Amino acid sequence: MGKVKPFDISKREVWEAFKRVKANRGAAGVDGQSIEEFEQNLSGNLYKLWNRLASGSYMPPAVRRVEIPKATGGTRPLSIPTVADRIAQMVVKDVLEPKLEPCFHADSYGYRPHRSAHDALKVARQRCWKTDWVLDVDIQGFFDNIDHGLLMRAVRKHTDCKWVLLYIERWLTASVQMPDGTVQQDLQSLFKWSPLMFTPHSTVWLLTVFSECFLIQ
């Protein structure tokens, strides 16, 4: 009989998370491993990831920082996790997202399942016939300055799952490999993960603090 793992994470959950990550594709992380290379030893890689997640020993590797040009000038930092880490993140996402989805306002479209920018544009076209003004709100440097302690308080309002909280906290304090190859620890802007990541913790924070202040009517 196999030894019982501390956390109830099934191999099926890891497998389903892998399928979603593969569908989203994405660039390689700090290890340079592509999804295709990960698949060359798929069974072994997924088992190793599941074993570490379920035992509580999974430690996120550094994320690879790249600078994305902004249309308005300057760059936006983006942190790219490894394939294995994206799968681990997706496992957490699949558990946490159903709990958060019912909390969102009907006018929330970012990083939500079955919603897109096209849906938001459709609503905006309808409403432009009713009003002749637009309120544009931008929280400057939000991801660079968010307080991790307050963020975790917001997450705990929606889940008490120990392993979900454990791994979110570890991701928040993981290291970052900068474009010049140097590795830095505990950057606030690490919080901006890859586009595939819902960033549920960031979104729930926005929900609990700002959604009641700025709602599109």
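The paragraphs below set out a description of the structure included in this document. (Residues numbered from 1 in each chain as written. Predicted model: local features only at pLDDT ≥ 70, side-chain atom pairs only at ≥ 80, totals over all residues. Heavy atoms only, no water.)

## Describing the overall build of the protein
Right, on to step 1. Scanning the protein from terminus to terminus reveals 9 helices and 4 strands.
Right, on to step 2. Expressed as a percentage of the 217 residues in the protein, the buried residues total 41%.
Right, on to step 3. Long-range pairs, those at least 24 residues apart, make up 69% of the contacts in the protein with a sequence separation of at least 6. (Helix = DSSP H or I, 4+ residues; strand = E, 2+ residues; numbered from the N terminus. Buried < 20%, exposed > 50% of the residue type's maximum accessible area, 1.4 Å probe, protein only. Contact = heavy atoms within 4.5 Å.)

## Let's talk about the pairing of strand 1 (residues 63-69)
Right, on to step 1. Pairing geometry for strand 1 and strand 3 (residues 175-177), over 2 bridges, is parallel. Its bridge partner lying in strand 3, R64 is registered against Q177.
Right, on to step 2. Summarising the sheet, strand 1 and strand 2 (residues 75-80) pair through 6 bridges and their orientation is antiparallel. Looking at strand 2, one finds that R64 is bridged to I80.
Right, on to step 3. Linking two consecutive strands that pair antiparallel, namely strand 1 and strand 2, is a turn of 5 residues; a positive phi of about 105° is found at G73 within it. (Pairing = 2+ DSSP bridges.)

## Side note on helix 3 (residues 42-55)
Right, on to step 1. Counted at 1.5 Å a residue, the expected span for helix 3 with its 14 residues is 20 Å, and the 20 Å between its end C-alpha atoms agrees.
Right, on to step 2. Every buried residue of helix 3 is accounted for by L42, N45, L46, L49, W50, L53 and A54. Each buried residue of helix 3 lies within a common arc of 150° when the element is viewed along its axis, so the set occupies one face.
Right, on to step 3. Those residues of helix 3 that are buried are in contact with helix 1 (11-24), helix 2 (35-39), helix 4 (83-100) and helix 8 (162-172).
Right, on to step 4. Just past helix 3, the residue G56 takes up positive phi, approximately 85°. (Expected span 1.5 Å × (residues − 1). Arc of directions from axis to C-beta.)

## Overview of helix 7 (residues 148-156)
Right, on to step 1. Of all the residues in helix 7, the buried ones are H148, L151, M152, A154 and V155. Summarising the axial view, the buried residues of helix 7 lie within an arc of 155°, below the 170-degree limit, and thus occupy one face.

## Topic: the pattern of salt bridges
Right, on to step 1. This structure, assessed with the given rule, holds 9 salt bridges.
Right, on to step 2. Linking R12 and E16 is a salt bridge whose minimum nitrogen-to-oxygen distance equals 3.3 Å. Within this pair, R12 and its partner E16 are both found in helix 1, separated by 4 residues, close to a single helical turn.
Right, on to step 3. Given the relative accessible area of 25%, E16 is considered partly exposed.
Right, on to step 4. Of the charged contacts in the structure, one is a salt bridge between R127 and D107, with a shortest N-O distance of 3.1 Å. Here R127, found in helix 5 (residues 117-127), pairs with D107, found in the loop between helix 4 and helix 5; they are 20 residues apart in sequence, far enough to count as distant.
Right, on to step 5. With a relative accessible area of 27%, R127 lands in the partly exposed category.
Right, on to step 6. The exposure class of D107 is buried, given its relative accessible area of 16%.
Right, on to step 7. Through salt bridges with shared partners, a single ionic network connects R12, E16 and K19. (Salt bridge = Lys/Arg side-chain N within 4 Å of Asp/Glu carboxyl O.)

Everything listed here is a matter of geometry and, on its own, says nothing about what the molecule does.
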